[in-house]
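Given next are the chains, with one letter for each unit.
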Amino acid sequence: MATNPGLFTEWPWKKLGNFKYLILAPWVAHGGYLAATKGWQEVDLGYLLIFPSLLLRMIHNQVWITISRVQNARSRRQIVDRGIEFEQVDRERNWDDQVLLTGILLYLGALYLPGGQHVPLWNTKGFLLIALLHAGPVEFLYYWFHRALHHHFLYTRYHSHHHASIVTEPITSVIHPFAELVAYELLFSIPMITCALSGSASILAFEIYVLYIDFMNNMGHCNFELVPNWLFKWFPPLKYLMYTPSFHSLHHTQFRTNYSLFMPFYDYIYNTMDKSSDTLYEKSLKGKEETVDVVHLTHLTSLQSIYHIRPGFAEYASKPYTSKWYMRMMWPVSWLSMVLTWTYGSSFTVERNIMKKLKMQSWAIPRYSFHYGLTWEKEAINNLIEKAICEAEKKGAKVVSLGLLNQAHNLNGNGELYLQKLPKLGVRLVDGTSLAAAVVMNSIPQGTDQVILAGNISKVSRAVAVALCKKNVKVVMTNKQDYHFLKPNMPEDTAENFLFSKTAAAKVWLIGEGLDASEQFKAQKGTKFIPYSQFPPRMVRKDSCTYSTTPAMAVPKALQNVHSCENWLPRRVMSAWRIAGMVHALEGWNEHECGDIVLDMEKVWSAALLHGFRPVA
């Protein structure tokens, strides 16, 4: 909201939530009815194409969001080198409201505006008229209106809402209070209304104009420079007719310069152009060397997870991942994304964070969880991980942490394979076992004298079992085969605390993958289930039983640019495996943690707390 909200700042359909799209339903249904009863020959084509054009705009905006987030994660040509937080994501969640408003105005115009009915597909005269009216009246009026919005009275009531985003994303361009955006829509409608009244309107001219506005708006707020210098050398007057992302970013950082809409012409005339515009453009275009200290290797999980990662849908990425039934309707896109990622030859950057002077990035191996269970994919996945490790070392990374299934024992022996293949490896490999085990240990209620260990055995569960037995806590297993598998790992002086029983009655269960629902129902009421695996258990108990998150910790405020959730974890909570890599680098430790190596759990836990990481409440 604006600092001092004025009249009509709230959108009228805000309380409808996601049902706001039903506002357009009467017109869409009316168009379908006309097409069904009158036939395609007689129906107004322009009227029918309004809804598809709105969908095209949504796709166009989403493409810009994805490209911008990928580019800014890599940070090569980033203009404003600062982070974005969840507050901005929440504030900019309603970017589609502007599309709905435009749709309402287009439908009203198509029904009631003289000359707005049965317009032809193309009219050259109308297209030229739109171009001239935009360059003249629209740009001129916008410039002065924009300057007025920066006056204290209007700024505090309206425009400050937009400027709350100093580091912009493409969708920042349409984040305004309702009244302000109505004024913009009326301004942009001048060329189209004039064309309609003069009889020179056309479907394609209108569509091109709307897409031009979206393109320039998104480009100006994308926070990375992409306009090539040769364009201005080839046609020097272009610098007065087209702004660049760096030009407009100065308006968001300096506030009192670069007021123009898309054409800097009026800033030159009225001497409001920022003097550093050209310098910042050259600097941003040149870019900077991409450096990184810590790389966390993750991968895609379910088919729908492609929408949840940071470059996907901003709203979903800012919330813990859950499977949405309506996302299943997008299965053709999901399968296409799977094919594209499967054919992609290397990892891709998902997120970039900074903590103190430490630069961190998350890279995703282009494979989904089910790929890791395919025998014929094993070698390809290991090659992808090895390639990513080598790439991280080239970029100067000190630590590479292996997340999710990238450290599976049956895949690469918890990372030991890469030490064998790369004996001169300089970067430290961390599988995060010690911190994950420490998180599990510290999740067990004090005074607990017996726990049940259930689910598939992993390196973390072995470390936890040994640590608990050393503390004289009874560790009971209900699976006889797993019990005999783990028994040799127990030190002789603590072996008496490691037991097998089918009728254990402990109130604390340590659970991993492979634990079916029937096993969970054997637990008493009030049991606390504590996962030790990377993937969350299926929560089948609806009684007084409680479930902890997968091993994770809340991150400190010093960790910046956190505005997406890591898989199913809450906001500003990260997996222990990911945090372990950060702690390793912050402490400057020089040893690997992979294969059978487990670091001192108390040492790693204390270091994590020292750097501000906290247990999840």
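Treat the numbers as computed from the prediction; the structure is a model and nothing was measured.

## A look at the overall build of the chain
Here is step 1: Each helix and strand in the chain was counted, giving 26 helices and 15 strands.
Here is step 2: Viewed in the frame of its principal axes, the chain has a C-alpha envelope of about 95 × 60 × 50 Å.
Here is step 3: Within the chain, contacts between residues separated by at least 24 positions form 70% of all contacts whose residues are at least 6 apart in sequence.
Here is step 4: Roughly 28,400 Å² of accessible area belongs to the chain as shown, and the carbon and sulfur atoms make up 62% of that amount.
Here is step 5: In the chain, the 60 positive side-chain charges and the 49 negative ones have mean positions that sit 2 Å from each other.

## Considering the sheet that holds strand β14 (residues 573–575)
Here is step 1: Spatially, three strands are ordered β14-β12-β15 in an open sheet, and the strand pairing comes out antiparallel. Strands at the two margins of the open sheet, each flanked by one partner only, are β14 and β15 (614–615).
Here is step 2: Of the pairings in the sheet, the one linking strand β12 (residues 552–554) to β15 comprises two bridges and is antiparallel in character. Considered in β15, the bridge of Met-553 is made with Pro-615.
Here is step 3: Of the strands in this sheet, β12 and β14 are in contact with helix α25 (residues 576–587), which crosses β14 at around 90 degrees.

## Comments concerning the packing of helix α3 (residues 50–74) against helix α9 (residues 203–220)
A packed helix pair is summarised by two numbers, namely the angle formed by the two axes and the spacing between the axes.
Here is step 1: Running from N to C, α3 and α9 cross one another at 20 degrees; their axes reach a closest spacing of 10 Å. As far as their axial angle goes, α9 and α3 are roughly parallel. Every pair of crossing elements has a handedness; the one defined by α3 and α9 is right-handed. The residues of α9 that touch α3, namely those facing Ser-53, Leu-56, Arg-57, His-60, Asn-61 and Trp-64, are Glu-207, Val-210, Leu-211, Asp-214, Phe-215, Asn-218 and Met-219.

## What to know about the UniProt feature "transmembrane region" (unreviewed entry) in the chain
Here is step 1: Residues annotated in UniProt with the feature "transmembrane region" (unreviewed entry) correspond here to residues 99–115, 127–145, 186–212 and 329–350.
Here is step 2: Its end C-alpha atoms 23 Å apart, residues 99–115 is made of 82% helix and 0% strand.
Here is step 3: The span residues 186–212 is 85% helix and 0% strand, and its two end C-alpha atoms sit 16 Å from each other.

## Some details on the nonpolar core
Here is step 1: Ranked by internal contacts, the top residues of the largest apolar core, which has 57 residues, are Leu-435, Leu-468, Leu-510 and Phe-613.
Here is step 2: Broken down by element, the residue count for this core peaks at eight residues, all from helix α22 (residues 459–470).
Here is step 3: Sequence-distant contacts of Leu-468, that is, excluding residues within four places in its chain, are made with Met-441, Ile-444, Val-451, Val-473, Val-475 and Leu-510.
Here is step 4: With 53 residues, the next largest nonpolar core counts Val-43, Tyr-47, Tyr-243 and Leu-285 among its residues.

## Some remarks on the side chain of Glu-351
Here is step 1: Mapped onto the secondary structure, Glu-351 falls in strand β2 (residues 348–355).
Here is step 2: What makes Glu-351 buried here is its relative accessible area of 6%.
Here is step 3: Polar contacts involving the side chain of Glu-351 include one to the side chain of Ser-564, which spans 3.3 Å.
Here is step 4: Discounting residues that sit within four places of it in the chain, Glu-351 has contacts with Ala-73, Arg-310, Met-360, Gln-361, Ser-362, Asn-561, Val-562, Ser-564 and Arg-578.

## Quick look at the packing of aromatic side chains
Here is step 1: Counted according to the given criterion, the structure contains 28 aromatic pairs.
Here is step 2: Ring geometry for Tyr-368 and Phe-370: centres 6.4 Å apart, planes at 20 degrees, overall stacked.
Here is step 3: What links up through ring pairs into an aromatic cluster is the set Phe-140, Tyr-143, Trp-144, Tyr-259, Phe-265, Tyr-266 and Tyr-270.
Here is step 4: Stacked on the ring of Tyr-240, the Lys or Arg Lys-239 has its end atom at 5.9 Å from the ring centre.

## Notes on the pairing of strand β10 (residues 528–531)
Here is step 1: Two strands pair when backbone bridges link them, and strand β9 (residues 508–511) and β10 are joined in this way by four bridges, in the parallel orientation. For Leu-510, the partnering residue across the bridge sits in β10 and is Ile-530.
Here is step 2: Relative to strand β11 (residues 546–547), β10 is paired through two bridges, and the arrangement is parallel. Across the sheet, residue Lys-528 finds its bridge partner in β11, namely Thr-546.

## Here we look at the packing of helix α5 (residues 97–112) against helix α8 (residues 178–198)
Here is step 1: Two numbers describe how α5 lies on α8: the axes approach to 11 Å, and their chain directions differ by 50 degrees. Classified by the interaxial angle, the pair formed by α5 and α8 is oblique. As for how α5 packs across α8, the hand of that crossing is right-handed. Contacts between α5 and α8 pair Gln-98, Leu-101, Thr-102 and Leu-105 from the former with Phe-178, Leu-181, Val-182 and Glu-185 from the latter.

## Some words on the environment of Thr-341
Here is step 1: Summarising the element assignment, Thr-341 is placed in helix α17 (residues 331–343).
Here is step 2: Distance from Thr-341 to Gln-361, taken between C-alpha atoms, is 19 Å for residues 20 residues apart in sequence.
Here is step 3: If sequence neighbours within four positions are ignored, Thr-341 has contacts with Leu-300, Pro-366, Arg-367 and Tyr-368.

## Structural notes on the sheet that holds strand β6 (residues 450–454)
By way of backbone hydrogen bonds, the strands of a sheet pair with one another, either parallel or antiparallel.
Here is step 1: The strand order across the open sheet built from six strands is β8-β7-β6-β9-β10-β11, with neighbouring strands paired in parallel fashion. Lying at the two open borders of the sheet, with one neighbouring strand each, are β8 (498–500) and β11.

## A closer look at the side chain of Arg-91
Here is step 1: Mapping Arg-91 onto the fold places it in helix α4 (residues 86–91).
Here is step 2: Put simply, Arg-91 is tucked away with no salt bridge, and the nearest opposite charge, on Glu-92, sits 4.8 Å away.
Here is step 3: Among the polar contacts made by the side chain of Arg-91, one reaches the main-chain carbonyl oxygen of Ala-164 at a distance of 3.4 Å.
Here is step 4: Non-local contacts of Arg-91, meaning those with residues more than four positions away in its chain, are made with His-161, Ala-164, Ser-165 and Ile-175.

## Side note on the environment of Asn-567
Here is step 1: Mapped onto the fold, Asn-567 is located in the loop between β13 (559–560) and β14.
Here is step 2: Assessed through its relative accessible area of 17%, Asn-567 is described here as buried.
Here is step 3: Sequence-wise, Asn-567 and Tyr-107 are 460 residues apart; in three dimensions their C-alpha atoms are separated by 40 Å.

## A look at unusual backbone geometry
One can expect most non-glycine residues to show negative phi and most peptide bonds to be in trans.
Here is step 1: Non-glycine residue Phe-8 carries a positive phi angle of around 55 degrees.
Here is step 2: Here Phe-8 shows up in the segment before α1 (25–38).
Here is step 3: Although it is not a glycine, Asn-271 sits at a positive phi angle of roughly 60 degrees.
Here is step 4: With respect to the element layout, Asn-271 can be found in the loop between α13 (265–269) and α14 (277–286).
Here is step 5: On the basis of relative accessibility, which here comes to 60%, the residue Asn-271 falls in the exposed class.

The rules behind each value
- Residues numbered from 1 in each chain as written.
- Predicted model: local features only at pLDDT ≥ 70, side-chain atom pairs only at ≥ 80, totals over all residues.
- Heavy atoms only, no water.
- Helix = DSSP H or I, 4+ residues; strand = E, 2+ residues; numbered from the N terminus.
- Contact = heavy atoms within 4.5 Å.
- Areas by Shrake-Rupley, 256 points an atom, 1.4 Å probe, with all protein chains shown as cover.
- Lys, Arg positive; Asp, Glu negative; His and termini not counted.
- Charge placed at Lys NZ, Arg CZ, Asp CG, Glu CD.
- Pairing = 2+ DSSP bridges.
- Axes fitted to C-alpha atoms, helices over the stretch in contact; angles between N-to-C directions.
- Parallel < 35°, antiparallel > 145°, perpendicular 65-115°, else oblique.
- Left-handed = near helix turned anticlockwise from the far one by under 90°.
- UniProt positions renumbered as here; feature names shortened; annotations may be inferred.
- Core = buried A, V, L, I, M, F, W, Y, C linked by side-chain atoms within 4.5 Å.
- Buried < 20%, exposed > 50% of the residue type's maximum accessible area, 1.4 Å probe, protein only.
- Polar contact = N/O pair within 3.5 Å; in protein donor to acceptor, adjacent residues only side chain to side chain.
- Phe/Tyr/Trp six-rings, centres within 6.5 Å; stacked < 30°, edge-to-face > 60°.
- Lys NZ or Arg CZ within 6 Å of the ring centre and 35° of its normal.
- Salt bridge = Lys/Arg side-chain N within 4 Å of Asp/Glu carboxyl O.

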